[in-house]
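Coordinates in review
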Amino acid sequence: MRPLTEEETQTLFAKLANYTGNSLKNLIAPIDNSPNGDRYVFRLQAQRCYYVRLSLANLATSIAKDKLLSLGICLGKFTKSGKFRLHITALPILAEHARYKVWVKANGEMPFLYGGHILKAHVGRWSEDCPEHQGVVVYSMNDTPLGFGVTARSTQEARRLDPTGITVFRQADCGEYLRDEDTLFATS
Amino acid sequence: MGVSRRMKKQGTPEPLDEAHFTNLKRKAGMSVMDARRESEKNAPNPKRRRSNGDKRKQDEKPKTKEAKEKISGTSKSAGSVPPHRSAIKKSKKPDAVTLPQSDEGDDDSDAVMNDEFDVSGSDTEDAGMGDALDSGSDVYDSGDDHAHRAMFSEDEDESDAEEKLTAANIVGLTRKLDKEQADQEAEAAAELQEAALQTNIEGERLLLEESDDEAEAVKTNALLAPDLQMLRQRINDTIRVLKDKTNFAKYAEEGRSRAEYEAQVIKDICLYYGYNEYLCQLLFNLFSPSEAFAFFEANETPRPVVIRTNTIRTHRRDLAQALINRGVTLEPVGKWSKVGLQIFESAVPLGATPEYLAGHYILQAASSFLPVMALAPQEHERVLDMASAPGGKTTHMAALMKNTGCIFANDSNKSRAKGLIGNIHRLGVKNTIICNYDAREFPKVIGGFDRVLLDAPCSGTGVIAKDPSVKTNKTEKDFIMLPHLQKQLLLAAIDSVDHTSRTGGYIVYSTCSVTVEENEQVVQYALLKRPNVKLVETGLVFGVEGKTAYRGKIFDKSLSMARRYYPHTYNVDGFFVSKFKKTGPSPTGSTAGVTTAPKREDVDEMDVDKRPVPETAEESEDAFGGFDEEEDEEYIERAKKAVMRKKGIDPKALKGHQNKKKNGVNGSGTSGKKSSKSK
């Protein structure tokens, strides 16, 4: 387990900023204002990046490298080529700080949770002035985060789209907890 | 002939009732109307199927006074029944097989003895009783049953064909049905007669012991399915005899001891429910006979499905509403839990609803709430869960701690840890560190916890309903190995706790097993080995008290503060929960506590983890013959030389130097060992 290098931090933040926008800095702000206040840090362990309280990260140092399976929240993994891939486990953090959002209707929930992209017919509501290829968090109509993706069209263009046209490309959805349990976590 | 397919699939049969048979008939191609008519007709004699055996039995002993006359009237050969007639049809034939009247001498005497029994009592129970009495013909019965079954399946095919009939041959079908009906009517009449006969066989003496030749016959026919109805009846009767002293005096045969009855009922239970003999004995001894029967019976029915609301994400009321909208019928699991919801039926798979995937709830047995409720972790504490997969209890703890503090979720099995990590992330738990140690290593990895939950790996005798394989695959060895592991784990758990913790200092030990070996004995062991812990109230509102004495073993009085849960009393999985409070520092404290004990004892306790049978460690050491220091010296020397050679050092060249060094090494080695122990 180690903190991220400069390069890794940049890759990660670029990725996160795609979803959170300016509120990215809230991610790393101290939790309270006391002098020794706890704050969240990023830790790398077995190619996976974890978002975790500093106090927790410090405690985890007593666990041997090969015995430590996970800590805090797993954001995703660094691929061998140095890119960063967000996992569905990062959803609570993205949802908390998301800039653009899409709400799907009840009839669109299951198709999305089974790994489908979001069609225009299924969109119940979405943030205005959303540009193309922008990271968005997907919610159900009762504000439960279900996953996240990338917009296929800007809001304006999407208006002209026919109902079966794809508006958001899925990147991760909650169904992965069931579908990809074997590959999602670092327990080889 | 092996056990028939139907027998393999069906498990233990439920008590048969008429409705069941109407179903069967319907399936076999009979129209609803027919079935209904038939069921009406059969109403006075509800246990239809049983009459099979009864009739046969009747036939076997027409020595009974009335029996002789009546049956001789209707007598007819069963052999004449064509092989592809259905079981039901056959049972309805006004048959009466003239079978050898040879065996069953005692039966007859019974029957004669009880002539005065009321005819009107000729209902199901009598029929069943007759079955029990008929055990002598067991072998024949089971063989016969098989024939029935084979016929039955064939009959279904036949019925399929029937369905395909065109209008052209409906006439033929009608005729056939008419004939069937006539048969049935005649049958019913015969049955009435039989019912009258039956009463003659009913007796004060309830059961028949298995005769030797029968036992042998059973052995030779081990592959045949046992006559389950009869078995069940015999179990019932034996339990009745064993119930208490008055019952025993009243019903027991003379010259037959309680032990014999017990042996028989255990044997029967093994056969009926499919337990292995050792486990059956173990579980039977845990309860009174009637309670044991209830326990075995409860293990055959599934426990209710329960989900736990994830209070990190949602509230129970909201979740219940969301699920009801999806067509789930549910209600709160009980007053004792604020987060549990019991599911009665569901139109959707509960493990794949959007709410589930969003982490609003987790499927978790009601009994698994208990240890966490007993542990009652507080916010900002450091907690250890020693065996955490699949994470139900860990996430429950996190929810109680409101995602603050720190939870070390350990599991020794990496493949199970996958599900654990998944659940933890799905439920939005942020305060866990998941590791993969053997939990016995624990105080060494990190100690100083405020609370430790040890939900120990166990034999699973409390969750047989969930995992019936326990019935057969747990042997005597498991009940030595598992308690041993549990004792080590519990000591490790105790040592990992910080006794100076302001809010905590608690250990909860729980298992999903009901045996005393894995529960009370383990706790007792820990109390003896660690005088710095004491049992405290679990804070759970229901449950049976822990045992303070069991089959001659006396446990600590405080064990009554532990709680046991049984499937037959609370309809939760069998479970054991005990809670310790640590009052002093662990090994040093405990060694200080036993200053009077010889030093060797001290060493034993430290090394306890490596010993196969810790309780008798001292004795076993003697049994091994102790150590011969001088002889060992030689081996140690040789091993050291080998090591040096491996490293490329010539041991001869350094001999003098080495000798000098050796003493030093030895000294420091032992002292090092000691210091590490005293930590």
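Residues numbered from 1 in each chain as written. Chains lettered and ligands numbered in written order. Predicted model: local features only at pLDDT ≥ 70, side-chain atom pairs only at ≥ 80, totals over all residues. Heavy atoms only, no water.

The name given to chain B in an unreviewed UniProt entry is Nucleolar protein 2, with Calycina marina as the source organism. Under the heading Sequence similarities (unreviewed entry), UniProt records this for chain B: "Belongs to the class I-like SAM-binding methyltransferase superfamily. RsmB/NOP family." (UniProt positions renumbered as here; feature names shortened; annotations may be inferred.)

In the nomenclature of an unreviewed UniProt entry, chain A corresponds to 60S ribosome subunit biogenesis protein NIP7 from the organism Calycina marina. You can read under Function (unreviewed entry) in the UniProt record for chain A the words "Required for proper 27S pre-rRNA processing and 60S ribosome subunit assembly." The UniProt entry for chain A carries this comment under Sequence similarities (unreviewed entry): "Belongs to the NIP7 family."

1. Some words on the overall build of chain A
Tallying secondary structure elements over chain A gives eight helices and 12 strands in all. Within the span of chain A, comprising 188 residues, buried residues form 51% of the whole. Long-range contacts, defined as pairs at least 24 residues apart, comprise 58% of the intrachain contacts of chain A with a sequence gap of at least 6. Surface accessibility of chain A: about 8,900 Å² in total, with carbon and sulfur atoms responsible for 50%. (Helix = DSSP H or I, 4+ residues; strand = E, 2+ residues; numbered from the N terminus. Buried < 20%, exposed > 50% of the residue type's maximum accessible area, 1.4 Å probe, protein only. Contact = heavy atoms within 4.5 Å. Areas by Shrake-Rupley, 256 points an atom, 1.4 Å probe, with all protein chains shown as cover.)

2. Notes on the nonpolar core
In this structure, A:Leu12, A:Leu16, A:Cys49 and A:Leu75 are the most contacted members of the largest nonpolar core, which totals 93 residues. The element that contributes the greatest number of residues to this core is helix α19 (residues 369-375) of chain B, accounting for five residues. Apart from residues no more than four positions distant in its own chain, A:Leu12 is found in contact with A:Leu4, A:Phe42, A:Cys49, A:Leu75, A:Phe78 and A:Phe84. Counting residues in each nonpolar core, the second largest holds 81 residues, with B:Tyr251, B:Phe287, B:Leu384 and B:Ala439 among its members. (Core = buried A, V, L, I, M, F, W, Y, C linked by side-chain atoms within 4.5 Å.)

3. Focus: a negative patch on the surface
Where like charges cluster on the molecular surface, the negative patch consists of B:Asp628, B:Glu629, B:Glu630, B:Glu631 and B:Glu633. Note that B:Glu631 resides in helix α30 (residues 629-647). (Patch = residues over 30% accessible without salt bridge, like charges linked within 9 Å, V, L, I, M, F, W, Y side chains within 5 Å. Salt bridge = Lys/Arg side-chain N within 4 Å of Asp/Glu carboxyl O. Lys, Arg positive; Asp, Glu negative; His and termini not counted. Charge placed at Lys NZ, Arg CZ, Asp CG, Glu CD.)

4. Concerning the interface of chain A and chain B
Tallying the contact residues gives 34 residues for chain A and 34 residues for chain B. Scanning the region where chain A abuts chain B turns up one salt bridge. A salt bridge links A:Glu109 to B:Arg326; its shortest N-O distance comes to 3.3 Å. Our count for the contact surface shared by chain A and chain B stands at nine residue pairs in polar contact (both at pLDDT 80 or more). (Polar contact = N/O pair within 3.5 Å; in protein donor to acceptor, adjacent residues only side chain to side chain.)

5. Section: the UniProt feature "active site" (unreviewed entry) in chain B
With numbering matched to this structure, UniProt assigns "active site" (unreviewed entry) to B:Cys512. Inspection of the secondary structure assignment puts B:Cys512 in the loop between β9 (506-511) and α25 (520-529).

6. Quick notes on the confidence of the model for chain B
In regions of low pLDDT, the predicted coordinates are not meant to be interpreted in detail. Residues and elements named next belong to chain B. Residues of chain B with pLDDT of at least 70 account for 59%, and the chain-wide mean is 72. Scored below 50 in pLDDT, residues 43-162 makes 218 contacts in the model with residues more than four places away or belonging to other chains. Note that residues 664-679 has pLDDT below 50 and, in this model, seven contacts with residues that lie over four places away or in other chains. Both scores are available for the predicted complex, with the pTM at 0.66 and the ipTM at 0.94. (pLDDT = per-residue confidence, 0-100.)

7. Some words on the state of the cysteines
Residues and elements named next belong to chain B. Scanning the entire structure with this criterion turns up zero disulfides over all chains. Left unpaired, Cys435 is separated from the closest cysteine sulfur, that of Cys406, by 9.6 Å. This cysteine, Cys458, is not joined by any disulfide, and Cys512 carries the nearest cysteine sulfur, 3.1 Å off. (Disulfide = S-S within 2.5 Å.)

8. Points about the pattern of salt bridges
All names here are of chain A. Counted by the stated rule, this structure contains 21 salt bridges over all chains. We note a salt bridge from Glu128 to Arg159, for which the minimum N-O separation is 2.6 Å. In this pair, Glu128 is assigned in the loop between β9 (123-126) and β10 (135-140) and Arg159 in helix α6 (residues 155-159), connecting sequence segments 31 residues apart. Through salt bridges with shared partners, one network takes in Arg170, Asp173, Glu176 and Arg179.

9. So, the sheet that holds strand β3 (residues 340-346) of chain B
All names here are of chain B. The four strands are arranged β2-β3-β1-β4 in an open sheet whose pairing can be described as antiparallel. Of all the strands in the sheet, the pair left with one neighbour each is β2 (328-332) and β4 (361-363). Across the sheet, the mean angle separating the axes of adjacent strands is 35° when strand polarity is ignored. With three bridges connecting them, strand β1 (residues 305-309) and β4 associate as antiparallel partners. Bridge assignment links Ile307 to a residue of β4, and that residue is Leu363. (Pairing = 2+ DSSP bridges. Axes fitted to C-alpha atoms, helices over the stretch in contact; angles between N-to-C directions.)

10. Considering the sheet that holds strand β12 (residues 166-173) of chain A
Residues and elements named next belong to chain A. The six strands are arranged β8-β12-β11-β10-β7-β9 in an open sheet whose pairing can be described as mixed. On the outer flanks of this sheet lie β8 (118-119) and β9, each paired with one strand and no other. Bridge count between strand β11 (residues 145-151) and β12: five bridges; the pairing is antiparallel. Opposite Gly147, over in β12, you have Asp173 as the bridge partner. Set on the sheet, helix α5 (residues 106-113) makes contact with β7 (101-104), β8, β10, β11 and β12; between it and β11 the angle comes to about 80°.

11. A closer look at the pairing of β9(B)
Residues in a regular strand project their side chains so that they alternate between the two faces of the sheet. Residue and element names in this part refer to chain B. Burial analysis of β9 places six of its six residues in the buried class, the great majority of the element. Of the two faces of β9, both are covered, the one formed by Tyr506, Val508 and Ser510 as well as the one formed by Ile507, Tyr509 and Thr511. Pairing between strand β8 (residues 451-455) and β9: five bridges, direction parallel. Its bridge partner being in β9, Asp455 is matched across the sheet by Ser510.

12. Quick look at the packing of aromatic side chains
Scanning the model with the defined rule gives 25 aromatic pairs over all chains in all. Both rings, one in B:Tyr272 and one in B:Tyr273, keep their centres 4.8 Å apart while their planes meet at 90°; by these two values the pair is edge-to-face. We note that B:Tyr272, like B:Tyr273, is buried. Summarising the aromatic geometry, the rings of B:Tyr273 and B:Tyr275 are spaced 6.4 Å apart at their centres and angled 75° between planes, so their arrangement reads as edge-to-face. Taking relative accessible area as the criterion, B:Tyr275 reaches 5% and is therefore assigned buried. Grouped by ring-pair contacts, the aromatic residues B:Tyr272, B:Tyr273, B:Tyr275, B:Phe287, B:Phe295, B:Phe296 and B:Tyr566 constitute a single cluster. Above the ring of A:Trp103, the side-chain terminus of A:Arg125 is found at 4.0 Å from the ring centroid. (Phe/Tyr/Trp six-rings, centres within 6.5 Å; stacked < 30°, edge-to-face > 60°. Lys NZ or Arg CZ within 6 Å of the ring centre and 35° of its normal.)

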